[in-house]
Amino acid sequence: MSRITTRRKVIRITRAGEVRRPDTLAVEEPLELRIAGEPLTVTMRTPGSDIDLAYGFLFSENIIDSVDDIASARYCAGTDADGHNTYNVLDIRLRTPTPLPSRRFITNSACGLCGKTSLDEVRTRTRFRPRYGDFTIDSTVLYALPDELRSQQAAFAVTGGLHAAGLFTRDGTALVVREDVGRHNAVDKVIGWAVRKNRIPAADLALIVSSRASFELVQKAVLAGIPVLGAVSAPSSLAVDLAADAGITLVGFLRGETMNIYTDAQRIDIDKGVVAL
């Protein structure tokens, strides 16, 4: 089921003239999540690691606490015009019936909070508040992680159109890397992996993302008990505020041998010679 990329015709205009050729694009398709047959959400995602995506989403929405809450996950019969299964409908069975949110979610590849109807619904509640001293990481290791993340982005290498997220140990070992057209989906996929592997709270891991650090990504890190979030681009003001309130370390502009540490710098062992402002 290799549907991560597809080909489309394109007219490429350069100084040398016009070239007509096929182009490789990242696939974006809807995934409908159901709980015991009842529709819960439709999210736009890149196919692949759908089980991880579902587990991560359900965990982030406080519908499940661990992998033990899941009885089964299976694809349903969603078909295209030719009658082929699209693998775009996933049904989750919980071991214990759980009241579902009164609202239903509709999310797109750019927004993981779409469908929320009140400020109370976006407030973070977590049992896994990180503690100081439990996890530290050397700055030289941290500098290397975006390149390590990029080296495992096979689909991005041919499309240039996918976000990535990865969970790394303090020595820089990548435990899991996932790609998706939605940055929140990529994070849900790696958190879903951690749920399946009983690695929640992920108090001994750093989350690295190829995008900016938005409020929703910090929120997901907080919920999973992840102590360090590093992004190659900028954070938002609300992301910094949430990270500071939750006590996690937020790093932005993690590129080459530079970074901005916005909150809780004590988790990062900075090499001597680096001037801390």
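In what follows, the accompanying structure is described.

Thresholds applied
Residues numbered from 1 in each chain as written. Predicted model: local features only at pLDDT ≥ 70, side-chain atom pairs only at ≥ 80, totals over all residues. Heavy atoms only, no water. Helix = DSSP H or I, 4+ residues; strand = E, 2+ residues; numbered from the N terminus. Buried < 20%, exposed > 50% of the residue type's maximum accessible area, 1.4 Å probe, protein only. Areas by Shrake-Rupley, 256 points an atom, 1.4 Å probe, with all protein chains shown as cover. Polar contact = N/O pair within 3.5 Å; in protein donor to acceptor, adjacent residues only side chain to side chain. Contact = heavy atoms within 4.5 Å. Pairing = 2+ DSSP bridges. Axes fitted to C-alpha atoms, helices over the stretch in contact; angles between N-to-C directions. Core = buried A, V, L, I, M, F, W, Y, C linked by side-chain atoms within 4.5 Å.

### Considering the overall build of the protein chain
Then, in step 1: Per the secondary structure count, the protein chain includes 6 helices and 15 strands.
Then, in step 2: The buried share among the 277 residues of the protein chain stands at 48%.
Then, in step 3: Total accessible area computed for the protein chain in this model is approximately 13500 Å², and 50% of it derives from carbon and sulfur atoms.

### What to know about the side chain of Arg3
Then, in step 1: With respect to the secondary-structure elements, Arg3 resides in the segment before β1 (5-14).
Then, in step 2: A polar contact of 2.2 Å, which involves the side chain of Arg3, links it to the side chain of Glu29.
Then, in step 3: Among the polar contacts made by the side chain of Arg3, one reaches the side chain of Asn88 at a distance of 3.2 Å.
Then, in step 4: Beyond its immediate chain neighbours, meaning those up to four positions away, Arg3 contacts Val27, Glu29, Arg45, Pro47, Thr86, Tyr87 and Asn88.

### Some points on the environment of Val176
Then, in step 1: Mapped onto the fold, Val176 is located in strand β10 (residues 174-180).
Then, in step 2: Since its relative accessible area comes to 5%, Val176 is described here as buried.
Then, in step 3: Sequence separation between Val176 and Gly166 is 10 residues, and the spatial gap between their C-alpha atoms is 5.5 Å.
Then, in step 4: Not counting residues within four places of it along the chain, the set of residues in contact with Val176 comprises Ala165, Gly166, Leu167, Val190 and Trp193.

### Overview of the sheet that holds strand β13 (residues 249-255)
Then, in step 1: Read across the sheet, 6 strands follow the order β10-β9-β11-β12-β13-β14 without closing on themselves; strand pairing throughout is mixed. Both outer strands of the open sheet, β10 and β14 (258-263), are each paired with one neighbouring strand and no more. Shown here is a sheet whose adjacent strand axes are inclined to one another by a mean of 20°, direction ignored.
Then, in step 2: Direction of pairing for strand β9 (residues 163-168) relative to β10: antiparallel, over a ladder of 6 bridges. Pairing of Leu167 across the sheet is with Val176, part of β10.

### Topic: helix α5 (residues 215-223)
Then, in step 1: Across the 9 residues of α5, 9 count as buried, placing the element largely inside the fold.
Then, in step 2: Along α5, the positions that sit buried rather than exposed are Phe215, Glu216, Leu217, Val218, Gln219, Lys220, Ala221, Val222 and Leu223.
Then, in step 3: Looking at the buried side of α5, the elements it contacts are α1 (50-60), α4 (183-196), β11 (206-209), β12 (228-231), α6 (237-246) and β13.
Then, in step 4: The first or second residue beyond α5 is Gly225, which carries a positive phi of 70°.

### Regarding the pairing of strand β4 (residues 38-45)
Then, in step 1: Sheet topology places strand β3 (residues 29-35) next to β4; 7 bridges connect them, and they run antiparallel. The residue bridging Leu31 from the neighbouring strand is Thr43, located in β4.
Then, in step 2: Adjacent in sequence and paired antiparallel, β3 and β4 are bridged by 2 residues, among which Ala36 carries a positive phi angle near 50°.

### A closer look at the nonpolar core
Then, in step 1: Core analysis: the biggest nonpolar cluster contains 51 residues, and Leu58, Phe59, Leu167, Ile191, Leu207 and Val218 have the highest contact counts within it.
Then, in step 2: Broken down by element, the residue count for this core peaks at 7 residues, all from α4.
Then, in step 3: In terms of nonpolar packing, the next biggest core, distinct from the first, is built from 17 residues, Ile137, Tyr143, Ala206 and Ile208 among them.

### Overview of the pairing of β13
Then, in step 1: Counting buried positions over the 7 residues of β13 gives 5, a clear majority of the element.
Then, in step 2: When β12 meets β13, the two strands line up parallel, connected through 3 bridges. Within the sheet, the bridge partner assigned to Val228 lies in β13 and is Thr249.
Then, in step 3: Here β13 runs beside β14; their pairing, made up of 4 bridges, is antiparallel. Along β14, the bridge assignment pairs Val251 with Ile261.
Then, in step 4: In textbook terms, the turn of a hairpin is the stretch between consecutive antiparallel strands, and for β13 and β14 this stretch comprises 2 residues, one of which, Gly256, has a positive phi near 60°.

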